[in-house]
Amino acid sequence: MARSRSKNRILLFFLVTALVVLALYGLHFFEPRLRASFVHAGDPAAEVQKQEENFRMVMNIAGLVLWMILAILITRALSSILFGIFFRQRRGYEAPVLIRNTFSVVAYIVGFVIIFKAFYPEVGLGGLFATSAVLGAIIGLALQDTLGNFFAGISVHADKPFQVGDVIAVGPWTGVVESITWRAVKIRTFTNHIVLASHSSISKESIDIAPRDNLNARIVFFNTLYTDSPAKTIHIVREAVREADNVSQKITPIVRIRSLGDSAIDWEVKYWLVDYAKYNDTDALVRQRIWYAFRRAGIHFAFPTRTLYVERKARVDGAGADGSGFIDRLSAVDIFAPLSSEETARLAAASVSHVFAPGESVIRAGDEGSSMFVVHSGRVSVQITDNGKPRTVAVLQEGDFFGEMALFTGEPRTANVVALEETEVLEIGKQAMKHLFDTNPNLVDSLSHIIAERRVGLTAKPEEAGDGEKESEGIIASIKRFFGFD
Ligand code: CMP
């Protein structure tokens, strides 16, 4: 589409140029005939001279206009060749509008002066430009601001302190540079407004620039109680932040203590962004991830954020600090159905609740694992890497369990398990399961069947899966070996 339009423009250019050249040639070629029709040799001498003067004037004006049109056409063609093809090829970027326009204006003026001088050598243009002080003053006053902006714009272009796509903060405005014109810089603010900041005003301010092709950092503040371990806080926050969307993987986030405050340890986490223009969302996500990570790790925000602390207590009570909420959940899980109510209660008391944010990993493939999980609320997705791409093999809901494969066989985790929404899981450790196996030997059988089935689901092609029955027997043997039975 754009290609055919530029083709049409080139055709039009050649057509108009050809017409103008033809007209100039015609003017020259038909000059004697035109003169004959204008100047009547038989008239009195004074009359003939007047006719001759008129004829010259008409011819000069016609010639001047045609040459001017030709000069405009040539300037435009030169500008396209220079900035559209030559500059882009050599320097790999498009020349700014301001430079292109400056080139065109200078070329027009030079063309105009040359042509005018060719037709009217006796008229002093230099005098017109240099001595017309009144004209200069009028133009100067009228264009004071425009010229100020223009020259400030030239210095912005020469310095190139920022480019289209960079995030800049100038005066009260912060946003992404959308374009740089003759007069102003167009900034799209983070409330999606357009601000036109004139070059002259910008040149008086200091500008904070976050270049688009630079790894720009942000700092987010938080605090913890004095009773929470700094080493644990650093580890937990670093891991939580580096997993958040738009946080660059190239540099590990830095977590450090800013100060020891009156009622809290004050912290900051510095992280680098892939797309700096989204820093508001990313800051918010980082704070959210810290909150969830703190909750799982049992780290507490300090008292200024006491409301969060109170809410958290209410939720844990609601889930059943005595295990009652957990008992209902666990007794609804298929494999635990045969357990007596005392056994389920003991299992509930031994389980630990964790909450994960949407997108967070509960289990990473390849890790060691010595516990399994039951989904108490929310949903998780079981994912494997197939030909370098993540593939979901199952979505598990409330009452489903996972993590049993590594727990019962001692092998590394077979898949990634990622929270699809805010998800609360109950973690059951190896010791608690060992007690159950002692009293419920059938549990090993039902688990081995489920593990065998899930292994089939993990194989990229079902035909590659082994014999189910034989596999179950193998799994039973390895569970028994791993738990030290028989
Ligand atoms: P584990 O290997 O410990 O860690 C990853 C878990 O994903 C695994 O235990 C199973 O609980 C679960 N999983 C693996 N494959 C499947 C499947 N095909 N269907 C459901 N869950 C699975």
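Keep in mind the model is a prediction, meaning the values are calculated, not measured.

1. Some details on unusual backbone geometry
Working step 1: Despite not being glycine, Asn192 has its phi angle at roughly 65°, a positive value.
Working step 2: Looking at the secondary structure, you find Asn192 in the loop between strand S3 (184–189) and strand S4 (194–198).
Working step 3: Although it is not a glycine, Asn387 sits at a positive phi angle of roughly 55°.
Working step 4: Checked against the element boundaries, Asn387 lands in the loop between strand S12 (380–386) and strand S13 (389–396).

2. Points about the nonpolar core
Working step 1: Core analysis: the largest hydrophobic core is formed by 44 residues, its most contacted members being Phe336, Met372, Phe402, Phe408, Ile428, Met433 and Phe437.
Working step 2: Per-element tally for this core: the top contributor is helix H16 (residues 442–458), with six residues.
Working step 3: Sequence-distant contacts of Phe408, defined by excluding residues within four places in its chain, comprise Met372, Met433, Phe437, Leu447, Ile451, Ser478, Ile479, Phe482 and Phe483.
Working step 4: One finds Val167, Ile265, Tyr271 and Ala293 within the second-largest nonpolar core, a separate group that totals 25 residues.

3. Quick notes on the packing of helix H9 (residues 230–242) against helix H10 (residues 279–297)
Working step 1: Two elements in contact, H9 and H10, have axes whose closest approach is 9 Å; the angle formed by their N-to-C orientations is 135°. Considered as vectors, H9 and H10 are oriented oblique to each other. Judged by the sense of rotation from one axis to the other, the crossing of H9 with H10 is right-handed. Touching Lys232, Thr233, Ile236, Val237, Ala240 and Val241 of H9 are Val286, Arg289, Ile290, Ala293, Phe294 and Ala297, all from H10.

4. Some remarks on the confidence of the model for the chain
Working step 1: The predicted model of the chain has a mean per-residue pLDDT of 83, with 82% of residues at 70 or higher.
Working step 2: The least confident element of the chain, judged by mean pLDDT, is helix H11 (residues 306–320) at 45; the most confident is strand S8 (residues 265–272) at 97.
Working step 3: This stretch, residues 312–323, has a pLDDT under 50; its non-local contacts, to residues over four places away or in other chains, come to 12 contacts.

5. Thoughts on the environment of Leu27
Working step 1: Of note, Leu27 is situated in helix H1 (residues 2–29).
Working step 2: Each C-alpha atom of the pair Leu27 and Met59 lies 7.8 Å from the other, and the pair is 32 residues apart in sequence.

6. Quick word on the site of the ligand
Working step 1: Around the ligand there are 15 residues in total, and Gly403, Glu404, Ala406, Arg413 and Thr414 lie nearest to it.
Working step 2: Contact between the ligand and Arg413: an oxygen atom at 2.8 Å from a side-chain N or O atom of the residue.
Working step 3: When isolated, the ligand has an accessible area of 460 Å², and the protein chains bury 96% of it.
Working step 4: Listing elements by their share of the shell around the ligand, those giving two or more residues are helix H14 (404–409) and H16.
Working step 5: Residue composition of the shell around the ligand, grouped by class: nine nonpolar, three polar and three charged.

7. Some remarks on the sheet that holds strand S15 (residues 416–419)
Working step 1: With respect to topology, four strands assemble into an open sheet ordered S10-S15-S12-S13, the strand pairing being antiparallel. Every other strand in the sheet has two partners, leaving strand S10 (361–363) and S13 as the edge strands with one partner each. Neighbour-to-neighbour, the strand axes of this sheet turn through a mean angle of 35°, independent of strand direction.
Working step 2: In terms of strand pairing, S12 meets S15 through four bridges, oriented antiparallel. Among the inter-strand pairings, Val382 is bridged to a residue of S15, identified as Val417.
Working step 3: Packed on one face of the sheet, H16 meets S12 and S13 and runs near 150° to S13.

Rules used in this analysis
- Residues numbered from 1 in each chain as written.
- Predicted model: local features only at pLDDT ≥ 70, side-chain atom pairs only at ≥ 80, totals over all residues.
- Heavy atoms only, no water.
- Helix = DSSP H or I, 4+ residues; strand = E, 2+ residues; numbered from the N terminus.
- Core = buried A, V, L, I, M, F, W, Y, C linked by side-chain atoms within 4.5 Å.
- Buried < 20%, exposed > 50% of the residue type's maximum accessible area, 1.4 Å probe, protein only.
- Contact = heavy atoms within 4.5 Å.
- Axes fitted to C-alpha atoms, helices over the stretch in contact; angles between N-to-C directions.
- Parallel < 35°, antiparallel > 145°, perpendicular 65-115°, else oblique.
- Left-handed = near helix turned anticlockwise from the far one by under 90°.
- pLDDT = per-residue confidence, 0-100.
- Near = heavy atom within 4 Å.
- Polar contact = N/O pair within 3.5 Å; in protein donor to acceptor, adjacent residues only side chain to side chain.
- Areas by Shrake-Rupley, 256 points an atom, 1.4 Å probe, with all protein chains shown as cover.
- Nonpolar A, V, L, I, M, F, W, Y, C, P; charged D, E, K, R; others polar.
- Pairing = 2+ DSSP bridges.

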